[in-house]
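Each chain, written out:
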Amino acid sequence: TITDAYYVGNTITNIFFSVCNGVSVASGMILGAELGHGDRDRAITESRWFLSLAVILMAAVTIFIISASGPMVSLFGLKDAAVIGIARGVVRVASVRISMRLLVVVIFSALRAGGDSRFLMVLDSGVMWAVGIPLAYFLIVGLGMTNFVQIFLLVQLEQVVRIAIGMRRFVSNRWAV
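All of these numbers come straight from a predicted model, not from anything done at the bench.

Procedures and definitions
Residues numbered from 1 in each chain as written. Predicted model: local features only at pLDDT ≥ 70, side-chain atom pairs only at ≥ 80, totals over all residues. Heavy atoms only, no water. Helix = DSSP H or I, 4+ residues; strand = E, 2+ residues; numbered from the N terminus. Buried < 20%, exposed > 50% of the residue type's maximum accessible area, 1.4 Å probe, protein only. Contact = heavy atoms within 4.5 Å. Areas by Shrake-Rupley, 256 points an atom, 1.4 Å probe, with all protein chains shown as cover. Lys, Arg positive; Asp, Glu negative; His and termini not counted. Charge placed at Lys NZ, Arg CZ, Asp CG, Glu CD. Salt bridge = Lys/Arg side-chain N within 4 Å of Asp/Glu carboxyl O. Axes fitted to C-alpha atoms, helices over the stretch in contact; angles between N-to-C directions. Nonpolar A, V, L, I, M, F, W, Y, C, P; charged D, E, K, R; others polar. Core = buried A, V, L, I, M, F, W, Y, C linked by side-chain atoms within 4.5 Å. Polar contact = N/O pair within 3.5 Å; in protein donor to acceptor, adjacent residues only side chain to side chain. Parallel < 35°, antiparallel > 145°, perpendicular 65-115°, else oblique. Left-handed = near helix turned anticlockwise from the far one by under 90°.

Student: Sorry if this is basic, but what is going on with the overall build of the protein here?
Tutor: Across its full length, the protein holds six helices and zero strands. Reading the helices (α) and strands (β) of the protein from amino to carboxyl end gives α-α-α-α-α-α. Oriented by its inertia axes, the alpha-carbon framework of the protein measures out at about 60 × 35 × 20 Å. A buried classification covers 43% of the 177 residues belonging to the protein. Here the analysis covers contacts within the protein between residues at least 6 apart in sequence; of these, 78% occur between residues at least 24 apart. Of the roughly 9,200 Å² of accessible surface on the protein, 66% is carried by carbon and sulfur atoms. Taking the average location of the 14 positive side-chain charges in the protein and that of its 9 negative ones, the two points are 4 Å from each other.

Student: For this particular structure, what's the right way to read the pattern of salt bridges?
Tutor: Oppositely charged side chains are able to pair whenever their charged atoms sit close together. According to the stated counting rule, one finds five salt bridges in the structure shown. Of the charged contacts, one joins R42 and E46 as a salt bridge, the two residues approaching to 3.4 Å between their closest N and O atoms. Of this pair, R42 and E46 both sit in helix α2 (residues 40-74), separated by four residues, roughly a single helical turn. The shortest N-O distance in the salt bridge between E158 and R162 comes to 2.9 Å. Here E158 pairs with R162, and both are found in helix α6 (residues 157-172), just four residues apart, close to one helical turn. The residues E158 and R162 share a single accessibility class, namely buried.

Student: Honestly, the packing of α2 against α6 in this entry has me stumped. Any pointers?
Tutor: Axis angle and axis distance: for two packed helices, these are the angle between their axes and the distance between the axes, and together they describe the pair. The contact between α2 and α6 brings their axes to 11 Å, and the two run at 145°. Residues S47, R48 and L51 of α2 touch α6, and the partners they reach there are M167, F170 and V171. Partitioned by chemical class, the residues of the contact of α2 with α6 number four nonpolar, one polar and one charged.

Student: Honestly, the nonpolar core in this entry has me stumped. Any pointers?
Tutor: The nonpolar side chains of a soluble globular protein tend to be buried with one another. In terms of nonpolar packing, the biggest core is built from 42 residues, with I12, I65, M72, I98, L103, I107 and W175 touching the most fellow members. Counting residues per element, the ones that place at least two in this core are α1 (2-36), α2, α3 (81-113), α4 (117-142) and α6. The greatest single-element share of this core, amounting to 14 residues, is contributed by α3. Discounting chain neighbours no more than four positions away, the residues touching I12 are M72, V73, F76 and V91.

Student: I would appreciate a short explanation of the side chain of T13 in the present structure.
Tutor: Note on placement: T13 falls in helix α1. You can call T13 buried: its relative accessible area is 2%. Reaching out from T13, the side chain makes a polar contact with the backbone oxygen of N10 at a distance of 3.0 Å. Once you skip the residues sitting within four places of it in the chain, T13 turns out to touch A94 and I98.

Student: Mind showing me how you'd approach the packing of α1 against α3 here?
Tutor: Direction vectors running N to C along α1 and α3 enclose 15°, while the axes themselves pass 8 Å from each other. Here α1 lies roughly parallel to α3, going by the angle between them. The element α1 and its partner α3 pack so that their crossing is right-handed.

Here it is as structure tokens:
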């Protein structure tokens, strides 16, 4: 049941991850070109524009996915009401995940364009191993949680930590070299 629901939710969210990838590639290329031309100030200005775009897209994507979660899940022809309910929950939580991912890709694209790859590697894998995996383990084993949608939602704290640390580096402008 949970596997089917997650498969449906994951399939739907993968469509929206293409938006994240597009924003990431576009911002990385533009910021990299500006930095390559030695125009640090313009790169910083452009990075702020991409950050604003990400915030607008976050709101639009979240609202759209949450409001269309029912019709999107129904496209899969599921018959079991429990699976349908879990799948809708997964899609709604995934809307939060995608929204935060939009912000992460803009921050990471800026850092990557400035050559801050080592920091990104440590941040990305470090947060996963220090926050995401231990949190999931604690929720399931320590607290005995069994509601997949709630666990999936709480594990998104990993994205919040990633944004907080990455944003601190982003606003310092140390990446724009």
